[in-house]
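# Report on the structure
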Amino acid sequence: MAENLTTIVSSATQTVEINRDCPTVIIGERINPTGRKAVLAALKEGNFDMVRKDAVDQVAAGAAILDVNAGVPGADEPALLEQVMRTVMEVTDVPLCIDTADPAALAAALSIYEGKALVNSVNGEERSLDTVLPLVKEHGAAVIGLCMDDDGIPETPEKRLAVAAKIIERAGKVGIPPEDVIVDPLALTMGADSNAGRIALETIELVVKEFGVNVTMGASNISFGMPDRKYINSAFIAMAIYAGMTCPITNPLVTEIITAVLAADLAMGRDDYGMRWIEAYRKRQKAA
Ligand code: THG
């Protein structure tokens, strides 16, 4: 069993610690035109009101980090990502998770960021390792490593573990320590493969046992195409926390999800005297 590693990410004014002894760190997913049509439409019109609202609301609901994605087809992604990040940083103080597949956008984003960012993401493809890891090292950031490589997304937990091992090793070669690599086992859609959830959960267990690194996941991918997704997502997120996931990328505005995370932390002994649970309960009472 590997030692539990701690990942630190920060903004100019806040530091977030990610570790299996700490409460689960929620990375708010909502600032993402790829996943959300309304955000896409607003950004296409140069309207950042929704970005501001999603930033403020997610932090109020319990996000400790905000994922920021500006993937608008046809747009100048480096410029747009910078603009979206500046907008978010004007209205919140939390650290950011820079979500882009464009190396130029990543470089631009890192160069304006104050603090230790979380880069989303690198994967096991040679091209990705060669372009992303040096940028992560240069800026002293942390990075999410996706369990996929030039052959695609492996079908078995063992093969996904092997991709995680490769990413951690290659990160080490450029001077990025394992605590700065957060592994994403990749949650695929259960609608396409009924084993998708189990494979992700088993991958988490293997990765934690072998490397002790922190683990993230776009946990809501699992329920695409299913009705009543929030119930699936909340059950799955609690199971993934038990398996060792420490920082899910999810939507904290969904009551079922945030309560599942808080309940899982309570059950895992990460909420002394249930203070966080009670505080969240009071907040819901007040809002009702
Ligand atoms: N791993 C990592 N990063 C990721 C993902 C992952 N980043 C993107 C994605 N997956 C996680 N982010 C989102 C963002 C928004 C939504 C889902 C995942 C979302 N989807 C609406 C839905 O599911 O109903 C779309 C509806 C709409 O169009 O508004 O909100 O796996 N490392």
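To start, this report covers the structure provided alongside it. Since we're looking at a predicted model, the values are computed, not measured. (Residues numbered from 1 in each chain as written. Predicted model: local features only at pLDDT ≥ 70, side-chain atom pairs only at ≥ 80, totals over all residues. Heavy atoms only, no water.)

### Details of the site of the ligand
Here is the rule: Near is defined per residue: the residue qualifies when any heavy atom it owns lies within 4 Å of the molecule or strand. Counted as a polar contact is a pair of N or O atoms within 3.5 Å, where, for protein atoms, one must be capable of donating a hydrogen and the other of accepting one, and residues adjacent in sequence contribute only when both atoms are in side chains. Areas reported as accessible are Shrake-Rupley estimates using a 1.4 Å probe. Residue values count occlusion only from the protein chains shown. A cavity here means a set of points on a 1 Å grid, drawn over the protein atoms and nothing else, where a 1.4 Å probe fits but cannot get out; a pocket is an open set with protein on both sides within 12 Å along at least five of seven lines, and a residue lines either one if it has an atom within 4 Å of a point. Being in a pocket or cavity means that more than half of the molecule's atoms lie within 2 Å of its grid points. Any residue outside Ala, Val, Leu, Ile, Met, Phe, Trp, Tyr, Cys, Pro, Asp, Glu, Lys and Arg is labelled polar, Gly included; the first ten of those are nonpolar and the last four are charged.
Close to the ligand lie 15 residues; Gly35, Asp99, Asn120, Asp184 and Arg229 are nearest. For the ligand, an oxygen atom lies 3.4 Å from a polar atom in the backbone of Gly218. A distance of 2.8 Å is found between an oxygen atom of the ligand and a side-chain nitrogen or oxygen belonging to Arg229. Expressed as a share of its isolated accessible area of 670 Å², the protein-covered part of the ligand is 75%. With respect to the detected pockets, the ligand is housed in the largest pocket. When grouped by side-chain class, the residues that make up the shell around the ligand number 4 nonpolar, 5 polar and 6 charged.

### Some points on helix α8 (residues 229–243)
The condition is simple: Each helix corresponds to a stretch of at least 4 residues labelled H or I by DSSP, and each strand to a stretch of at least 2 residues labelled E; elements are numbered beginning at the N terminus. How far a helix is expected to stretch is found by multiplying one less than its residue total by 1.5 Å. Categorising residues by exposure relies on relative accessible area from a 1.4 Å probe, with only protein chains included: less than 20% of the type maximum marks a residue as buried, more than 50% marks it as exposed, and the intermediate range marks it as partly exposed. In what follows, residue pairs with any heavy atoms lying within 4.5 Å of each other are defined as contacts.
Over its 15 residues, α8 runs 21 Å from end to end, which matches the ideal 21 Å to within 8%, given 1.5 Å per residue. When α8 is considered as a whole, its buried residues turn out to be Asn233, Ser234, Phe236, Ile237, Ala240, Ile241 and Ala243. Buried residues in α8 make contact with α7 (196–211), β9 (249–250) and α9 (255–267). Of the residues flanking the end of α8, it is Gly244, one or two places downstream, whose phi is positive at about 130 degrees.

### Considering the layout of surface pockets
The condition is simple: Grid points are joined across faces, edges and corners, and a volume is the space filled by probe spheres set on the points.
By volume, the largest pocket is sized at about 1,100 Å³. Asn32, Asn69, Asp99, Asn120 and Asn221 are the residues nearest the centre of the largest pocket, which is lined by 41 residues in total. Of the residues belonging to the lining of the largest pocket, the class tally is 14 nonpolar, 16 polar and 11 charged. There is about 560 Å³ of room inside the second largest pocket. Residue lining of the second largest pocket: 23 residues in total, with Ala60, Ala61, Gly62, Ile258 and Lys283 positioned closest to the centre. Of all elements in the fold, only α2 (49–61), α9 and α10 (275–287) reach the threshold of two or more residues within the lining of the second largest pocket. In terms of residue class, the lining of the second largest pocket is made up of 15 nonpolar, 3 polar and 5 charged.

### Things to note about the sheet that holds strand β7 (residues 142–146)
Our working definition: Whether two strands pair depends on DSSP finding at least two bridges between them. To obtain an axis, a line is fitted to C-alpha atoms, over the contacting stretch when the element is a helix, and the angle between two such axes runs from 0 to 180 degrees between their N-to-C directions.
Read from one edge to the other, the open sheet built from 7 strands follows the order β8-β7-β6-β5-β4-β3-β9, with strand pairing classed as parallel. The sheet is open, and its two borders are formed by β8 (181–184) and β9, each paired with just one other strand. Pairing of β7 with β8, which is carried by 4 bridges, proceeds in the parallel orientation. Each bridged residue has a counterpart across the sheet, and for Ile144 the counterpart in β8 is Ile182. Packed onto the sheet, α2 meets β3 (26–31), β4 (63–68) and β9 and runs at close to 155 degrees relative to β3.

### Description of the pattern of salt bridges
Here is the rule we go by: Only one rule defines a salt bridge in this text: a Lys or Arg side-chain nitrogen within 4 Å of an Asp or Glu carboxyl oxygen.
Applying the stated criterion across every chain, the model contains 15 salt bridges. Here Arg30 ties to Asp54 by a salt bridge, and the two come within 2.9 Å at their closest N and O atoms. Here Arg30 is found in strand β3, whereas its partner Asp54 is found in helix α2, with 24 residues between them in sequence. Using a relative accessible area of 17% as the deciding quantity, one classes Arg30 as buried. What makes Asp54 buried here is its relative accessible area of 4%. The salt bridge involving Arg276 is made with Asp265; its shortest N-O contact spans 3.7 Å. One end of the pair, Arg276, is in helix α10; the other, Asp265, is in helix α9, and 11 residues separate them in sequence. Overlapping salt bridges bring together Glu126, Asp130, Lys166 and Arg170 as one network.

Everything listed here is a matter of geometry and, on its own, says nothing about what the molecule does.
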